[in-house]
Amino acid sequence: MSEDSILVSWQHPDDPNGKVLQYSVYIKELDRSRDIASKSFKVPALQMNYHASGLNTKSRYEFWVTAHTSIGEGAPSTKATLSPSSRIPAKIASFDDKFVIPAKRNVKFPCIAVGSPSPDLTWKINEKDYVKSDRIRLLPDGSLQVTNVTKEDAGTYKCLVNNKFGQDMVTHELVVNGPPEPPMVILTSQTTDSITFKLRPEETDTTPIHGFIVHYKPEFGDWEKEEIGFNTDEYTLNHLWCGQGYQLYVIAYNSIGMGKPSPAVTTKTKGVEPTVPDARRFLEVSAGSVTLHLNAWQDGGCPMIYFVVEYKPKNQKDWTLVSNNVKPGGNFVVLDLNPATWYNLKVTAHNNAGFSIAEYEFAT
């Protein structure tokens, strides 16, 4: 850093074997004619550098660092050898690092630059020049601070320093763990009472996913939801209405929160309205009544729910309601008809897919 000082920096140990309480910085002057004892200096646990000053400009020095935990002092680091100099190439006393943080937090990327003359310092974010903004700013010590990070801030942050004697660079990687991106929903099959689909998480999203929630509703119904486990590749919604249009979307979530919903998917369970039977199979006429063979109706894949039966003499305008809740199966008899009279009969058959209306003309 100057003619009689050197800045020593280090990284937190990969395996500290406990909580680091402090560091010891060892400095030893190297002299061919005699062995000089090393000196040590205590440094707080959060401080990752030490400014060694008052050095002999004509000597070479050896530096190493140890970490202390409650168990004791750890093994020494590798040793670095250097001499003070008035011609100091630009260097960065920070190390490449990877930052993994949740969204909406703040992060500071260190870039402690040394050199004489004082080096120029520039930052690049994902290979583009740093531009000051409300959330991203350069600090007096050369570090870059990003506040309220979003997933769009993820990527590489490079600090470059240079002077006339040299240049140096440090690269930091930022991974932002926010809520997951919306998954892709791929429909695979439908039955009369189920819809099956596959889930494909966004390929470029590295955010952890803990599960999914599917929201779905029939065309004329209310929204419902079901939870889906993370490892589920294919999922089936059961107990749905037959022959109904459905909307559904899926949200992925993790410990940070709920993601955005996937694009809504529209589909339909199998099944159609009942199929109208011909009169010969459906009607059995007698002098004072007509028998309806309800099993002559085809249900369209959706079970019949009920029938509405109405009739009127052919020459009259108004219909007479016999029943608006005839249960399916078996026969139904319309009584009290006049002999030798022409009638119109209207039957409305209902299932979950809808309804069909059949009109018949017959004479007793």
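Thresholds applied
- Residues numbered from 1 in each chain as written.
- Predicted model: local features only at pLDDT ≥ 70, side-chain atom pairs only at ≥ 80, totals over all residues.
- Heavy atoms only, no water.
- Helix = DSSP H or I, 4+ residues; strand = E, 2+ residues; numbered from the N terminus.
- Rg over C-alpha atoms; globule rule 2.2 N^0.38 Å.
- Buried < 20%, exposed > 50% of the residue type's maximum accessible area, 1.4 Å probe, protein only.
- Areas by Shrake-Rupley, 256 points an atom, 1.4 Å probe, with all protein chains shown as cover.
- Pairing = 2+ DSSP bridges.
- Axes fitted to C-alpha atoms, helices over the stretch in contact; angles between N-to-C directions.
- Contact = heavy atoms within 4.5 Å.
- 1 Å grid on protein atoms, 1.4 Å probe; cavity = no way out; pocket = protein on both sides within 12 Å on 5 of 7 lines; lining within 4 Å.
- Points joined across faces, edges and corners; volume = space filled by probe spheres on them.
- Nonpolar A, V, L, I, M, F, W, Y, C, P; charged D, E, K, R; others polar.
- Polar contact = N/O pair within 3.5 Å; in protein donor to acceptor, adjacent residues only side chain to side chain.
- Phe/Tyr/Trp six-rings, centres within 6.5 Å; stacked < 30°, edge-to-face > 60°.
- Lys NZ or Arg CZ within 6 Å of the ring centre and 35° of its normal.
- Disulfide = S-S within 2.5 Å.
- Salt bridge = Lys/Arg side-chain N within 4 Å of Asp/Glu carboxyl O.

Asker: Could you give me a rundown of the overall build of the chain, with the residues and numbers involved?
Answerer: Helices and strands together make up the secondary structure of the chain, namely 1 helix and 31 strands. Expected size for 364 residues packed as a compact globule is a radius of gyration near 21 Å; at 41 Å, the chain overshoots this value by more than 25%. When the backbone C-alpha atoms are referred to their principal axes, the chain occupies close to 140 × 45 × 25 Å. Within the span of the chain, comprising 364 residues, buried residues form 40% of the whole. Just so you have it, the chain exposes about 20,900 Å², and 49% of that area is on carbon and sulfur atoms.

Asker: Can you tell me about unusual backbone geometry, naming the residues and giving the values?
Answerer: Residue Pro-117 is reached from Ser-116 by a cis peptide bond, and omega for that bond is 5°. Examined against the element boundaries, Pro-117 turns out to sit in the loop between β11 (113-116) and β12 (120-125). Even without being a glycine, Asn-126 presents a positive backbone phi close to 50°. Mapping Asn-126 onto the fold places it in the loop between β12 and β13 (128-129). The residue Asp-336 is not glycine, and still its phi comes out positive at about 60°. Following the sequence through the fold, Asp-336 ends up in the loop between β29 (331-334) and β30 (342-351).

Asker: Give a detailed account of the sheet that holds strand β22 (residues 234-237), specifying residues and quantitative values.
Answerer: Across the sheet, which stays open at both edges, the 3 strands sit in the order β18-β19-β22 with antiparallel pairing between neighbours. Here the strands that pair on one side only, and so sit at the sheet edges, are β18 (184-190) and β22. In this sheet, adjacent strand axes meet at a mean angle of 30° when their direction is disregarded. Bridge analysis of strand β19 (residues 195-200) against β22 gives 4 bridges, and the strand direction is antiparallel.

Asker: Now, about the sheet that holds strand β20 (residues 211-218): what can you tell me, with residues and values included?
Answerer: Strand order in the open sheet formed by 4 strands is β21-β20-β23-β24, and the pairing between neighbours is antiparallel. The sheet terminates laterally at β21 (224-229) and β24 (265-268), the two strands that pair on one side only. Mean inter-strand twist for the sheet, computed between neighbouring axes without regard to direction, equals 30°. For strand β23 (residues 245-253) and β24, the ladder comprises 4 bridges, and the chain directions are antiparallel. Across the sheet, the residue bridging to Leu-248 is Val-265, located in β24.

Asker: I'd like a rundown of the side chain of Glu-310, residues and numbers included.
Answerer: Here Glu-310 is to be found in strand β27 (residues 304-313). Owing to a relative accessible area of 18%, Glu-310 belongs among the buried residues under this scheme. Not counting the four nearest positions on each side in its chain, Glu-310 is found in contact with Trp-319, Thr-320, Leu-321, Val-322, Asn-344, Leu-345 and Lys-346.

Asker: Which residues make up the pairing of strand β5 (residues 49-52), and what are the values?
Answerer: On β5, burial follows the alternation: Tyr-50 and Ala-52 on one face are buried, whereas Asn-49 and His-51 on the facing-out side are not. Direction of pairing for strand β1 (residues 6-9) relative to β5: antiparallel, over a ladder of 4 bridges. When the sheet's bridge partners are listed, Ile-6 is paired in β5 with Ala-52.

Asker: Break down the layout of surface pockets for me, citing the residues and quoting the values.
Answerer: By volume, the largest pocket amounts to about 670 Å³. The wall of the largest pocket is formed by 30 residues, among which Ile-6, Leu-7, Val-8, Ser-9 and Leu-82 lie closest to the centre. Of the residues that constitute the lining of the largest pocket, the class distribution is 17 nonpolar, 9 polar and 4 charged.

Asker: Explain the side chain of Ser-323 to me, using residue names and the numbers behind them.
Answerer: Here Ser-323 lies in strand β28 (residues 320-326). One polar contact links the side chain of Ser-323 to the main-chain amide nitrogen of Asn-325, over a distance of 3.2 Å. Leaving out residues up to four positions away in the same chain, Ser-323 has contacts with Phe-307, Val-308, Val-309 and Phe-332.

Asker: Talk me through the packing of aromatic side chains; I want residue IDs and the actual numbers.
Answerer: Counted by the stated rule, this structure contains 13 aromatic pairs. Ring pairing ties together the aromatic residues Phe-282, Trp-297, Phe-307 and Tyr-360, which thus form one cluster. Sitting over the face of the ring of Trp-64, Lys-79 holds its NZ or CZ atom 4.4 Å from the ring centroid.

Asker: So what about the state of the cysteines? Which residues, and what values?
Answerer: With the rule as written, the count across this model stands at 2 disulfides. Covalent S-S linkage joins Cys-111 and Cys-159, the inter-sulfur distance amounting to 1.9 Å. Between Cys-111 and Cys-159 the disulfide shows an S-S torsion of about -70°. By sign, it is left-handed. Taken as a pair, Cys-111 in the loop between β10 (107-109) and β11 and Cys-159 in strand β16 (residues 155-163) lie far apart in primary sequence, 48 residues in all. Taken as a pair, Cys-111 and Cys-159 share a single burial class, namely buried. Here Cys-242 pairs with Cys-302 through a disulfide, and the sulfurs are 1.8 Å apart. Where Cys-242 bonds to Cys-302 through sulfur, the torsion about that S-S bond is close to -80°, and the disulfide is left-handed. With Cys-242 in the loop between β22 and β23 and Cys-302 in the loop between β26 (290-293) and β27, the pair connects residues that are 60 residues apart, well separated along the chain. Across the pair, Cys-302 and Cys-242 agree in class, each one buried.

Asker: Report on the pattern of salt bridges, specifying residues and quantitative values.
Answerer: Taken as a whole, this structure holds 11 salt bridges when the rule is applied. With a shortest N-O distance of 2.6 Å, Asp-129 and Lys-124 are connected by a salt bridge. The salt bridge partner of Arg-135 is Asp-153, with a shortest N-O separation of 2.9 Å. Of this pair, Arg-135 sits in the loop between β13 and β14 (136-138) while Asp-153 is found in the loop between β15 (144-146) and β16, placing the two residues 18 residues apart along the sequence. Take Arg-135: its relative accessible area is 28%, and that puts it in the partly exposed class.

Read these as layout, nothing more, since geometry by itself doesn't imply function.
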